[in-house]
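Descriptive structure summary
Residues per chain, in single letters:
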Amino acid sequence: MRSLFLLALFLVLALHRGEAAVTCNNVVGDLYPCLSYVMQGGKVPPANCCNGVRTLNSQAQTTADRQSVCRCIKNAIGGVSYSSSNLNNALSLPAKCGVNLPFRISPSTNCDSIH
């Protein structure tokens, strides 16, 4: 399942294009270290995962950037099979990394409502 998730993540994100300064390639690069935490869980995400979450959050300064990041994440989530445990791990990432994202990492997030 892990290799399927990786393949789907890279395919979805590589194909997504937008006008935002933060590209899906940025999202992949920044969040790739979080994959083991999302898949397996744990008490705390790896330090390089949290560094990626913080970097991505600091790069997404405009509405277009934040919406693009949201869409990339949402497309990746929607493109693979995942368990509720995987989704809960993804949802917990920002808080466990001490980052306040302006949206939830969830398939139900309306990216157009992010400002």
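Residues numbered from 1 in each chain as written. Predicted model: local features only at pLDDT ≥ 70, side-chain atom pairs only at ≥ 80, totals over all residues. Heavy atoms only, no water.

1. Re the nonpolar core
One finds Val-27, Val-69, Ile-73 and Leu-93 to be the most contacted residues of the largest nonpolar core, which totals 25 residues. Among the elements of the structure, α2 (24–31), α3 (35–40), α4 (47–59), α5 (63–78) and α6 (84–96) are those that each provide at least two residues to this core. It is α5 that provides the largest number of residues to this core, a total of 5 residues. When neighbours within four sequence positions are excluded, Val-69 is seen to be in contact with Val-22, Val-27, Leu-56, Ala-60 and Phe-103. (Core = buried A, V, L, I, M, F, W, Y, C linked by side-chain atoms within 4.5 Å. Buried < 20%, exposed > 50% of the residue type's maximum accessible area, 1.4 Å probe, protein only. Helix = DSSP H or I, 4+ residues; strand = E, 2+ residues; numbered from the N terminus. Contact = heavy atoms within 4.5 Å.)

2. What to know about the state of the cysteines
All told, the structure shown has 4 disulfides when counted by the stated rule. Two residues, Cys-34 and Cys-49, share a disulfide whose sulfurs are 2.0 Å apart. Taking the sign of the S-S torsion, 100° for the link of Cys-34 and Cys-49, the bridge is right-handed. You can see Cys-34 sitting in the loop between α2 and α3 and its partner Cys-49 sitting in helix α4, a full 15 residues away along the chain. The pair Cys-34 / Cys-49 is uniform in exposure class, with both members buried. (Disulfide = S-S within 2.5 Å.)

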